[in-house]
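These are the residues of each chain, in order.
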Amino acid sequence: MGDRPLHCSIKNPILLTVEDQKNAFHSGCKVIDVTFPNVSSPETQTVPISFCERVGEICFKNYYTAYVSIRVKFKAAPENGAESGEIKWKTCVRRMRLMPSPHKESGSQDYFAISKKQFSFDISNISAMRIILQQPSPVWKEFRIEDLRLYRSSEMLSKPPPLPAWLTEDSANSTKHKLELQTKAKEKGIPNLESISSSLQELWGLSEEMAINQSKTEIGRYEVDGCYEVNLLAYT
Amino acid sequence: MADKKKPNSADDRPQETDRQFLERYSIGTLMKDVLGKIVSNRPKDPITFLSDYFDSLEDQSNLVLKARNIIEMTHHSRPVFEMNVRQAYDIMLKQKVGKRLYGVNGTSYTDLIKTLCRDMPQPVTTKLLKKIECLDYEAITFDVFKSGVFTCCVLQDYVKLCEMLFNSLDFQSSGKVDKILSDVVNEQLKAALANTRTDARNPYTGQTDPFSLSIVEAGYNLGPDGLFYALERGMRSKSQLGGQTLEQFTIEICDAFLSKVKRLR
């Protein structure tokens, strides 16, 4: 489950501005809205709402963003089954520093993974998420995050498959092992295990060499179902 | 003095310079050719190479034989092999196929394959031809020609190696190999060949199949360790399946090779 990212729709970042007629300035703050696939629950019979059960990890690549905050909106708890309850935005990650110095390059194009440990609380049962990017430095013309992915859990649920025993055998005993094997083989009546083995390996090598050099061109046959019949040839 | 002016007299001959004598039979070009071939092919045994070359000069009329001799001049692993194959193809292009039509068609291609495989057991050749044969009237491009010829040359090596393997397995030098052992060995080889697929990397996703571990595993199965365990398992079974001659053994082992030959579409 931790391997595949969660389905979500990530909107384009919106630059927050403070404008009035005379002054418009670059606030250096952008918001990315993330919504989840709509799930209709039996309680809210009116409209299916976006819903996510759990988010364990958030991964992205930075592009000149200095600070990132994450706020989540919880699924409204319906009151009396009719109205939706209060919708609250809670800050999950507060102003996490991505670049040690906003004017300087370091951390500007790094990959980040925010895990459960960095969340203020466990993200569960949310309906939306907002990622707030801040870049106070006027040096950078543009800032954003790329390749944003959410994962359900940050632990790998499955262990990698164990290696076969012969792969991990101790190589220090190899010469002794070889002699042992030869004597065992001689006892069994196989006098020249090594030469059989090397012949087989050469055969294997020859076959592979031949297989690699097979021609990929088609001979240009116009057969249809294995037979060549002029009337069956298509006009295309 | 008068003798010298008579033409066609036996006495005239010694007056001809050496140069004219050589030119009469175009020995010069012949020597140049053979020296060129020796230098580019670098045979291990130049004297045998020379004698084979002069022997083959008599087969000049049959284009297929001429082509075959050129192809067999050097081992398939050397870069000169490809040049020789190209030369052979050019020679076979002169074959008359129809009215005023020249080229390499299915019949001459099949003839060449058959003569290249003359030292192999007949069933092996038949199976190989089933995979790479072309219909008589089809035109053979150089690519197809090269691939078929290369397969034959590698198969020649393979068959020779089969014989060596047969001799190693023939513990009592009786001329026959226990069928059980031969089956075990065949199985190991087939497993190794099945594991190592040639189209490992998926070009669209860029991901490799579990390819690298298979090669290691296949190598282990054919190494002394894995082979010993497999042979031991085979020998433990009490069944007596009789012996196999060299030819039967070769035919079975060649099955593994032929499974990797791509069928022509």
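Cut-offs and rules
Residues numbered from 1 in each chain as written. Chains lettered and ligands numbered in written order. Predicted model: local features only at pLDDT ≥ 70, side-chain atom pairs only at ≥ 80, totals over all residues. Heavy atoms only, no water. pLDDT = per-residue confidence, 0-100. Contact = heavy atoms within 4.5 Å. Helix = DSSP H or I, 4+ residues; strand = E, 2+ residues; numbered from the N terminus. Buried < 20%, exposed > 50% of the residue type's maximum accessible area, 1.4 Å probe, protein only. Core = buried A, V, L, I, M, F, W, Y, C linked by side-chain atoms within 4.5 Å. Domains from an automatic or database assignment. Pairing = 2+ DSSP bridges. Axes fitted to C-alpha atoms, helices over the stretch in contact; angles between N-to-C directions. Salt bridge = Lys/Arg side-chain N within 4 Å of Asp/Glu carboxyl O.

Caption draft 1: Summary view of the confidence of the model for chain B. All names here are of chain B. Looking at chain B as a whole, its pLDDT mean stands at 79, while 85% of the residues score no less than 70. Scored below 50 in pLDDT, residues 198–205 shows twelve contacts in the model against residues more than four places distant or in partner chains. Here the predicted complex carries an ipTM of 0.74, next to a pTM of 0.59.

Caption draft 2: Main features of unusual backbone geometry. Look at Y64(A): it is not a glycine, yet its phi comes out positive at around 60°. The topology assignment puts Y64(A) in the loop between strand 7 (57–63) and strand 8 (67–74). Positioned with a positive phi, S26(B) is a non-glycine residue whose angle comes to about 45°. Here S26(B) shows up in the loop between helix 2 (18–24) and helix 3 (27–41). Classification of S26(B) as partly exposed rests on a relative accessible area of 41%.

Caption draft 3: Examining the nonpolar core more closely. All names here are of chain B. In this structure, F145, Y158 and L189 are the most contacted members of the largest nonpolar core, which totals 69 residues. With 16 residues, the single largest contributor to this core is helix 9 (residues 142–169). Among the domains, domain 1 (34–154) and domain 2 (158–258) are the pair contributing at least three residues each to this core.

Caption draft 4: View of the sheet that holds strand 7 of chain A. Residues and elements named next belong to chain A. One open sheet accounts for three strands, arranged 10-7-12; its pairing is antiparallel. Of all strands in the sheet, those bounded by a partner on one side alone are strand 10 (111–114) and strand 12 (144–151). On average, adjacent strands in this sheet sit at an angle of 20° to one another, irrespective of strand direction. In this sheet, strand 12 lies alongside strand 7 in antiparallel orientation, the contact comprising six bridges. Bridging across to strand 12, C59 finds its partner in R149.

Caption draft 5: Seen up close, the pattern of salt bridges. All names here are of chain B. Here the structure, examined in full by the defined rule, presents twelve salt bridges over all chains. A salt bridge links D255 to K127, with the nearest nitrogen and oxygen atoms 3.0 Å apart. Of this pair, D255 sits in helix 13 (residues 246–259) while K127 sits in helix 8 (residues 122–132), placing them 128 residues apart in sequence. For D255, a relative accessible area of 27% puts it in the partly exposed group.

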